[in-house]
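Fold and contact review
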Amino acid sequence: MPDDPNEPARILVDRHVGGTRIALPDRVRSPWWELGRRVLAAMAILVGTVLLVYVDRHGYRDGNDPPGYGVNFIDSIYYTTVTLSTTGYGDIAPVTEKARLVNAFLITPARIAFLVLLIGTTLEVLASQGREMFRVSRWRKNMGEHVVIVGYGTKGRSAVETLVNNGQDREGIVVVDKGATALADAHADGLAVVTGDATRREVLQRAGISTASHVIITTDRDDSNVLATLTVRQLNPDAWIVSAVREQENVPLMKQSGADSVITSSDAVGRLLGLSSLSPTLGSVMEDLLTYGEGLEVAERDLLVPEVGKPPQSLPDQVIAVVRDEKVYRYFDPVVTQLARGDRLIVVRPAKELPWAPRPGTHDEALANEET
């Protein structure tokens with residue numbers, strides 16, 4: 001993960017299948033910038049050595065020239081190139097002590113630096129490719145029980161923010177999106193990205209969909225969401241799938257496609273707008289519940305041992321629903337007038353409390369669903 005999420009990211013490519021690629025966030029400059037920098041540095045060494053030889057040209061002798069004929073600028077270029085490339089024909093050689101000292105302490109280090117720059121560029125490319133393959137391989141090996149976010153628009157980013165704020169590790173989140181903007185945004189947020197169409201099986205497979213524990217589908221088209229849900233459910237029958245739809249009439253279709261939970265975005269926004277119009281105070285409370293980290297939060301928690309047998313209304317938290325045997329009951333439902341072991345509570349609590357804590361001020365109590 002990058003230390004600074006605002007750093008530019010390089011795309012690490014595993015291999016391409018139908019326009020798909022896995023991209024892990026990394027803060028590295030452009031490879032063309034790195035190559036250009038190395039070439040300029042090598043040219044600077046070359047030019048500097050040519051000038052050094054030419055200035056001290058009286059200390060050199062060309063074995064192919066007649067006696068008394070000195071080394072000129074062309075000879076300096078020739079000597080520098082064959083020396084730095086370690087070709088060393090020996091036709092031009094230093095003969096004075098000064099020229100030999102310059103060769104020993106200046107030109108020889110320049111030769112080494114020149115070779116390191118040229119060979120280092122090739123080694124860097126090979127090492128970079130090796131690191132990329134190793135990182136992607138390690139990423140694949142560690143993937144399991146992760147969360148896949150299909151679509152990284154406003155809803156996808158909000159979902160990731162909520163997951164991270166509730167304890168989900170960013171390394172356990174994979175974004176699937178085919179847009180360049182989404183790729184940049186996800187990398188800026190320190191997330192791994194699989195670039196491609198989420199309705200294609202091979203794209204989802206490269207996101208490790210078969211081992212994902214949760215899948216959140218938030219593209220901007222209901223038909224794409226339905227097709228993606230069908231594909232995800234086929235590849236992973238056990239994943240918990242949450243999907244967004246724009247129109248209420250598409251909810252049954254989404255449920256039939258395999259979604260465990262369906263959120264109607266347009267209806268939810270419309271209801272909030274209507275409530276805010278009819279009752280500004282009620283609208284502000286609803287907005288408070290939907291805003292993470294401020295005021296009130298809706299959270300799910302385990303039942304504590306001292307709370308077994310009590311009615312939901314008597315607990316310190318404001319209980320609004322009880323989950324029993326995978327079914328949700330409202331707090332006033334006769335079925336849950338007395339809480340039982342294994343129940344889970346949906347509560348409204350202060351946002352400053354961790355949503356996964358048992359309840360404010362009681363972080364260490366025994367849970368009723370733990371074995372004794």
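Only a predicted model underlies this, so the values are computations on that prediction, with no experimental measurement involved. (Residues numbered from 1 in each chain as written. Predicted model: local features only at pLDDT ≥ 70, side-chain atom pairs only at ≥ 80, totals over all residues. Heavy atoms only, no water.)

A few words now on the overall build of the protein. In terms of helices and strands, the protein carries ten helices and 13 strands. In the protein, buried positions account for 39% of the 372 residues. For the protein, long-range pairs separated by at least 24 residues make up 62% of all intrachain contacts whose partners lie at least 6 apart in sequence. (Helix = DSSP H or I, 4+ residues; strand = E, 2+ residues; numbered from the N terminus. Buried < 20%, exposed > 50% of the residue type's maximum accessible area, 1.4 Å probe, protein only. Contact = heavy atoms within 4.5 Å.)

Counting buried positions over the seven residues of strand E13 (residues 344-350) gives five, a clear majority of the element. For strand E10 (residues 296-302) and E13, the ladder comprises seven bridges, and the chain directions are antiparallel. Across the sheet, Asp 302 pairs through a bridge with Arg 344, a residue of E13. Relative to E13, strand E11 (residues 318-324) is paired through five bridges, and the arrangement is antiparallel. Note that in E13 the partner of Ala 321 across the bridge is Ile 346. (Pairing = 2+ DSSP bridges.)

By the definition in use, this model includes ten salt bridges. A salt bridge links Arg 344 to Glu 300, with the shortest nitrogen-to-oxygen separation between them at 2.6 Å. In this pair, Arg 344 is assigned in strand E13 and Glu 300 in strand E10, connecting sequence segments 44 residues apart. You can call Arg 344 partly exposed: its relative accessible area is 25%. (Salt bridge = Lys/Arg side-chain N within 4 Å of Asp/Glu carboxyl O.)

Next up on the list: the confidence of the model for the protein. Model confidence for the protein is summarised by a mean pLDDT of 78, while 78% of its residues fall at 70 or above. For the protein, the element scoring lowest by mean pLDDT is strand E1 (residues 21-23), at 57; strand E7 (residues 214-217) scores highest, at 94. Contacts of residues 1-19 to residues separated by more than four positions or lying in other chains number 44 contacts, the stretch itself having pLDDT below 50. (pLDDT = per-residue confidence, 0-100.)

What follows covers the pairing of strand E9 (residues 261-264). Only one face of E9 is covered, namely the face carrying Val 262 and Thr 264; the face carrying Ser 261 and Ile 263 is uncovered. Bridge count between strand E8 (residues 240-245) and E9: four bridges; the pairing is parallel. By the bridge assignment, Val 242 is partnered in E9 with Ser 261. Crossover connection from E8 via helix H8 (residues 251-257) to parallel E9: handedness right-handed. (Right-handed = clockwise from strand over helix to strand, strands pointing away.)

The final tally for this structure, using the stated rule, is three aromatic pairs. A ring pair is formed by Tyr 54 and Phe 73, whose centres lie 5.4 Å apart and whose planes are at 85°; its orientation type is edge-to-face. Remark: Phe 73 occurs in helix H2 (residues 73-84) and Tyr 54 occurs in helix H1 (residues 31-55); sequence separation between them is 19 residues. Aromatic pair Tyr 331 and Phe 332: ring centres 5.2 Å apart, planes at 80°, arrangement edge-to-face. According to the relative accessible area criterion, Phe 332 is exposed, its value standing at 52%. (Phe/Tyr/Trp six-rings, centres within 6.5 Å; stacked < 30°, edge-to-face > 60°.)

To continue, consider the sheet that holds E10. Here four strands make up an open sheet; going across it, the order is E10-E13-E11-E12 and the pairing antiparallel. Unpaired on one side and paired on the other, E10 and strand E12 (327-330) mark the two borders of the sheet. With direction set aside, neighbouring strand axes in the sheet form an average angle of 30°. (Axes fitted to C-alpha atoms, helices over the stretch in contact; angles between N-to-C directions.)

On the surface, Val 47, Leu 51, Phe 73, Ile 74 and Ile 77 cluster together into a nonpolar patch covering about 440 Å² of accessible area. The set of elements that each furnish at least two residues to the nonpolar patch consists of H1 and H2. With three residues, H2 is the single largest residue contributor to the nonpolar patch. Residue class for Phe 73 comes out partly exposed when judged on its relative accessible area of 37%. (Patch = residues over 30% accessible without salt bridge, like charges linked within 9 Å, V, L, I, M, F, W, Y side chains within 5 Å. Areas by Shrake-Rupley, 256 points an atom, 1.4 Å probe, with all protein chains shown as cover.)

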